[in-house]
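A look at the structure
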Amino acid sequence: MTERSDYSIRIMSRQEIGMAVDWAAEEGWNPGLHDADCFHAADPEGFLTGLLGNEPVATISVVRYGTAFGFLGFYIVRPKYRGMGFGLKIWNAGLEQLKGRTIGLDGVVAQQENYAKSGFILAYRNIRVKGSGGGKIPAHEGIKPLVELPFETLLTYDSLFFPEERRTFLECWINQRESSSLGIIENNRLSGYGVIRTCRSGSKIGPLFADRADLAEELFCALKASAPEGSPLFLDIPEVNPEAVKLAQRHNMTVVFETSRMYQGNIPELPLGNIYGVTTFELG
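Residues numbered from 1 in each chain as written. Predicted model: local features only at pLDDT ≥ 70, side-chain atom pairs only at ≥ 80, totals over all residues. Heavy atoms only, no water.

Looking up the protein in an unreviewed UniProt entry gives the name GCN5-related N-acetyltransferase, with the organism given as Chlorobium phaeobacteroides.

Our next topic: helix α5 (residues 151-158). Where α5 is concerned, the buried positions are Phe 151, Leu 154, Leu 155, Tyr 157 and Asp 158. Viewed end-on, α5 has its buried residues packed into an arc of 165 degrees, placing them on one side of the element. On its buried face, α5 sits against α6 (167-173), β9 (189-198) and β10 (203-210). (Buried < 20%, exposed > 50% of the residue type's maximum accessible area, 1.4 Å probe, protein only. Helix = DSSP H or I, 4+ residues; strand = E, 2+ residues; numbered from the N terminus. Arc of directions from axis to C-beta. Contact = heavy atoms within 4.5 Å.)

The next thing to look at is the packing of aromatic side chains. The geometry of an aromatic ring pair is captured by the separation of the ring centres together with the interplanar angle, meaning the angle of the planes. All chains considered together, the criterion is met by 19 aromatic pairs. Joined through ring pairs, the aromatic side chains of Phe 39, Phe 47, Phe 74, Phe 169 and Trp 173 make up one cluster. Cation over ring: Arg 166 sits above Phe 162, and NZ or CZ is 4.1 Å from the ring centre. (Phe/Tyr/Trp six-rings, centres within 6.5 Å; stacked < 30°, edge-to-face > 60°. Lys NZ or Arg CZ within 6 Å of the ring centre and 35° of its normal.)

According to the stated counting rule, one finds 21 salt bridges in the structure shown. The network of salt bridges with shared partners includes Arg 14, Asp 37 and Arg 177. (Salt bridge = Lys/Arg side-chain N within 4 Å of Asp/Glu carboxyl O.)

According to UniProt, the "domain: N-acetyltransferase" (unreviewed entry) feature falls on residues 7-147. Span residues 7-147 is 28% helix and 38% strand, its end C-alpha atoms 45 Å apart. (UniProt positions renumbered as here; feature names shortened; annotations may be inferred.)

Let us now look at the domain arrangement of the protein. Domains assigned within the protein are domain 1 (7-103) and domain 2 (128-277). Inter-centroid distance (C-alpha atoms) of domain 1 to domain 2 is 25 Å. Listed by partner, the interface residues are 25 residues for domain 1 and 27 residues for domain 2. In terms of surface lost to domain 2, no three residues of domain 1 exceed Asn 30, His 34 and Cys 38, which account for 28% of the buried area on that side. (Domains from an automatic or database assignment. Buried area = accessible area lost by both parts, 1.4 Å probe.)

This brings us to the pairing of β9. Most of β9 sits inside the fold, with eight of its ten residues counted as buried. The antiparallel pairing of strand β8 (residues 179-186) with β9 creates a hairpin that spans two residues between the two strands, and Asn 187 there sits at a positive phi of about 55 degrees. Where β9 and β10 come together, six bridges link them in antiparallel fashion. Its bridge partner lying in β10, Gly 194 is registered against Leu 208. Between β9 and β10, which pair antiparallel and follow one another directly, the connecting turn spans four residues, one of which, Gly 202, has a positive phi of 65 degrees. (Pairing = 2+ DSSP bridges.)

In structure tokens, the structure reads:
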């Protein structure tokens, strides 16, 4: 491995985050069409690029939430520059930016041992399942567009499922173009919500949080119905939630990908039994 003096690391611009999303698409991660805007909103300084001269050759996201949590993603080195040490350098720079925080990531299983060398501990697997969009809209009268609910109500509910508040990200996420965001009301309180967005291929639901399996089912069906009939539909579920696995099976969804959810630092205590869909593999 040859040391290169012309390799530098800096924060990405908003436009360069779009480049990182394109790279992720090339890796087969199937990002949303409008992810970059919301990713930038989450933490404008949370995306790093490694440059060889003026050419971007590596990326990593190290998005900070609140004061104590961060999430690492978009760890990509362009294929022809792999094995030269550029990835390790940007990895170390990213960890330094999140120093002192608990850090989460969804890594490919093949890299699990490498992440463990940096102190990351396996918590559970997330699995991506694929099905089809369309179907009937549920008659449940409690299903409402999230825009009709007070944002603070949503923020309070979301905080049950994430280690820190993510206000700026959530404001963007539920209002992005080519998406649908729904909540479900029971006994005059928000008891679940989900978002479906258009991706490079088909649509993806995420997050999908609910107090009970039957409410998750109603929300899932409502979101699914908003996608074109027969189009590809994806959902990322914690494998440790048996009801989420059953939901996928009921809808004839098949496993197409899996990740290792790992943490450096204290593993957050989250209600995994109420998480039926992960928001994103890139930002947690």
